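Read off the chains here:
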Amino acid sequence: MESPVFEEFEPASDCDCPGCVHWRRVLPYSPAGRAAGHPAARRPLVVATATAAALRGGAIPAVAAPSPSPAPGTTGLPGDSADQGQETPQGPQGPLYGPGGQAAPLAAPAQIRAITRAEIIRRARKWVTEKVPYRTNAYWSDGYRQDCSGYVSMAWNLPRNEWTGSLASYAEKISRSELQPGDMLLFHNAADPVEGSHVVLFGGWSDPERTSYLACELAPPHARARTTPYAYWTNSSRCVPYRYKGVTASTAGSVPAAVPRRTPFPGASHFGPGAVNAYVTELGRTLSGRGGARFYAVGPGPRRTEADRRATRAFQQAQGRRGPAADGLPGPVTRGLLVTGRGQDIPRHTKSGASASAGPAPSAPPPGAAQAPASHGVPGYPGRAAFRPGAENAYVTRLGRQLVRKGFGRHYTTGPGPRWTEADRRNVEDFQRAQGWRGGAADGHPGPETWRRLFL
């Protein structure tokens, strides 16, 4: 039986054919419209109707039940291919240096070795510094497998390579409030380990509100430390914090973030109109945590916006400043209060009349585009021009955040933000593939049907 075909297109605004008239009523509105929306120029996309086994290529079955560990000498995970857009997340439980290496027998009880937090962080930082490449079937010079679970095995100095299904035997569950550098955040999908199983090391909170942290991990293309929303970009609600049973008391170290929280004032030019840099992001995130989140409809991000100015002005007013002293431009004193957690937070009702109940300030749509109205509960589709290479607008941020919420944010190392990047395209491609689309149908460029499904 042939697979049914659907078409992802924007109905032409000036076409009176029944098809375009119908789809203009039911699809999220695109203010731009385009001639290609006419049936003669539509691009067909195939909807997959095969079973899960067929989506995986049909040759290798999916893991259907929990298993204590993969079979020695194999990955224990379903096969994958570049066309399917999947990655084997980890190798099996096994000895150091691989099947030919020497280690305690796999049947032996887990050996707990004492280690300080500072030593865990030192070991974790070493792979980050060396940018150890991600390879599920390769082993670094110290004998540990070059994947997410091998990375944690290495940092904890375990006697062998573990996988996400066995790491918990070395640790005990803790609460979010108990997390310290060197602990781990683990998601093991026992029913289907290839679907999202992952583990990272906790490197320390990156903001006073503890909404994001520094995740130390080995993921494509190499070991890295990046600021990450708690608990993770994907499967956040299923990530569990653990503490290694052998950790001993010591001063906890941490891996420094890209912008240290206590850095010298970089200069007023870094916060001028239109400035784009990491200091603007740091300032915006800190302002959000100090009561200024209501000023941001999207972001904060690296580009200085009116939302940043208004939030800064509200913080300055909270310190009792008025007139030119509360101009919304951060100087050394304002920034110093913010990054050290001192001073008064922005109150719910500011002197300027802003209220938390009033909601965030509206953000402007992309230049030249009208505000796209919602349709059938789905936010209005803004048109393909909003997602062209180099585009920068609020719709890109909105798309990225929804991708993260849906569990398709693994390619983001920072953000998501207002500038369209290759990470956005790859995450959209993953989402399209999850719908069963292949080939040109999964090109990573969101059309109306991709947008509709993403926001349903």
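Quantities reported herein were computed from a predicted structural model and do not represent experimental measurements. One numbering rule holds for all chains: residues counted from 1, following each sequence as written. With pLDDT at 70 or above as the cut-off, local features in this predicted model cover only qualifying residues; side-chain atom pairs require 80 or more to be listed or tallied, and sums for whole chains, interfaces and linings still use all residues. Just so you know, side-chain values use all the structure's heavy atoms and leave hydrogens and water out.

## Remarks on the packing of helix α8 (residues 394–405) against helix α10 (residues 448–455)
How we decide: As a rule, the C-alpha atoms of each element are fitted with a line to give its axis, helices using only the stretch in contact, and angles between N-to-C directions run from 0 to 180 degrees. Numbering of helices and strands runs from the N terminus, with a helix taken as a DSSP run of H or I at least four residues long and a strand as a DSSP run of E at least two residues long. Working rule for angles: under 35 degrees goes down as roughly parallel, over 145 as roughly antiparallel, 65 to 115 as roughly perpendicular, anything else as oblique. Crossing chirality is assigned from the near helix's rotation relative to the far helix, an anticlockwise turn below a right angle marking it left-handed and a clockwise turn marking it right-handed. Every residue pair with non-hydrogen atoms within 4.5 Å of one another is taken to be in contact.
Remark: α8 packs on α10, axes separated minimally by 10 Å, with the N-to-C direction vectors making an angle of 50 degrees. Taken together, the axes of α8 and α10 are oblique relative to one another. The handedness of the crossing between α8 and α10 is left-handed. Residue-level contacts link Y395, R398, L399, Q402 and L403 of α8 to W451, L454 and F455 of α10.

## A few points about empty space enclosed by the protein
To be explicit about the condition: Here a cavity denotes grid points, spaced 1 Å and computed from the protein atoms alone, that fit a 1.4 Å probe unable to get out, and a pocket denotes an open set having protein on both sides within 12 Å along at least 5 of 7 lines; residues with an atom within 4 Å of a point are the lining. Grid points are joined across faces, edges and corners, and a volume is the space filled by probe spheres set on the points.
Under the defined criterion, the tally for this structure stands at 1 cavity of 30 Å³ or more. Taken as a whole, the largest cavity spans an internal volume of roughly 40 Å³. For the lining of the largest cavity, the secondary-structure elements that each account for two or more residues are β7 (184–187) and β8 (198–205). With 3 residues, the single largest contributor to the lining of the largest cavity is β8.

## Brief notes about α8
So the rule is basically this: Expected helix span is taken as 1.5 Å per residue step, with the number of steps being one fewer than the number of residues. Burial classes: relative accessible area under 20% of the type maximum marks a residue as buried, over 50% as exposed, and values in between as partly exposed (1.4 Å probe, protein chains only). Between N or O atoms, a polar contact is any pair within 3.5 Å; within protein, one atom must be a potential hydrogen donor and the other a potential acceptor, and residues adjacent in sequence are included only when both atoms are from side chains.
Spanning 12 residues, α8 covers 17 Å between terminal C-alpha atoms, matching the ideal 16 Å at 1.5 Å per step. Across the 12 residues of α8, 9 count as buried, placing the element largely inside the fold. Within α8 the residues assigned to the buried category are A394, Y395, V396, T397, L399, G400, Q402, L403 and V404. Where α8 is buried, its residues contact α9 (422–434) and α10. Backbone nitrogen of Y395 and a side-chain oxygen of the N-cap are separated by 2.9 Å at the start of α8; the cap is N393. Of the residues trailing α8, G407 is marked for its positive phi of about 90 degrees.

## Some words on the packing of aromatic side chains
To keep things clear, this is the line we draw: Working definition: a ring pair exists when centres of Phe, Tyr or Trp rings (six-membered ring for Trp) sit within 6.5 Å. Plane angles under 30 degrees give stacked, over 60 give edge-to-face, the rest tilted.
In total, this model carries 15 aromatic pairs according to the counting rule given. Taken together, a centroid distance of 6.5 Å and an interplanar angle of 80 degrees make the contact between W205 and Y213 edge-to-face. Note on W233 and Y412: the rings are 6.4 Å apart at their centroids and 45 degrees apart in plane angle, and the pair reads as tilted. Remark: Y412 occurs in the loop between α8 and α9 and W233 occurs in the loop between β10 (222–229) and β11 (240–244); sequence separation between them is 179 residues. Like W233, the residue Y412 is buried in the burial classification.

## Looking at helix α7 (residues 332–340)
Given 3.6 residues per turn, any residue in an α-helix points the same way as the ones three and four places further on. Of all the positions in α7, only T334, R335, G336, L337, L338 and V339 are classed as buried. Those residues of α7 hidden inside the fold are in contact with α5 (278–292) and α6 (306–318). With its phi angle positive at about 75 degrees, G341 sits one or two positions after the end of α7.

## What about the sheet that holds β11?
The line we're drawing: The pairing criterion for strands is at least two bridges between them, as found by DSSP.
Strand order in the open sheet formed by 6 strands is β6-β11-β7-β8-β9-β10, and the pairing between neighbours is antiparallel. One side of each edge strand has no neighbouring strand; the edge strands of this open sheet are β6 (171–173) and β10. Each neighbouring strand pair of the sheet contributes to a mean axis angle of 35 degrees, computed without reference to strand direction. Looking at chain direction, β8 and strand β9 (residues 212–219) are connected through 3 bridges and run antiparallel. Looking at the pairing, L201 lines up with C216 of β9. Helix α3 (residues 117–130) rests against β8, β9, β10 and β11 of the sheet, and its axis sits at about 115 degrees to β10.

## A look at the confidence of the model for the protein chain
In regions of low pLDDT, the predicted coordinates are not meant to be interpreted in detail. This is how it is decided: For every residue, the predictor reports its confidence as pLDDT, a number between 0 and 100.
Of the residues in the protein chain, 68% have a pLDDT of 70 or more, and the chain-wide mean is 74. Here residues 29–88 is modelled with pLDDT under 50, and outside its nearest four sequence neighbours on either side it reaches 133 contacts, counting other chains as well. Overall, residues 350–371 carries pLDDT values under 50, and its contacts beyond four positions in sequence, including any with other chains, amount to 35 contacts.

## Describing the pattern of salt bridges
Working definition: two side chains of opposite charge can pair if their charged atoms are close together. As a reminder of what qualifies: Here, a salt bridge means any Lys or Arg side-chain nitrogen found within 4 Å of an Asp or Glu carboxyl oxygen.
Inspection of the entire model under this criterion finds 19 salt bridges. The salt bridge partner of R145 is D147, with a shortest N-O separation of 2.5 Å. Between E282 and R335 there is a salt bridge, with the nearest N and O atoms lying 3.0 Å from each other. Taken together, the residues span a long stretch of sequence, with E282 in helix α5 and R335 in helix α7 at a distance of 53 residues. Judged by relative accessible area, E282 falls into the buried class, the value being 8%. Ionic contacts of the salt-bridge type, sharing partners, join the residues E422, R425, E429 and R433 into one network.

## Quick notes on the nonpolar core
Quick reminder of the rule: What we call a nonpolar core is a set of buried Ala, Val, Leu, Ile, Met, Phe, Trp, Tyr and Cys residues that are connected through their side-chain atoms within 4.5 Å.
Among the nonpolar cores identified, the biggest contains 31 residues, and Y213, F387, L399, L403 and W420 are the most heavily contacted of them. Within the residue set of this core, elements represented by two or more residues are β7, β8, β9, α8, α9 and α10. For this core, the leading source of residues is α8, giving 5 residues.

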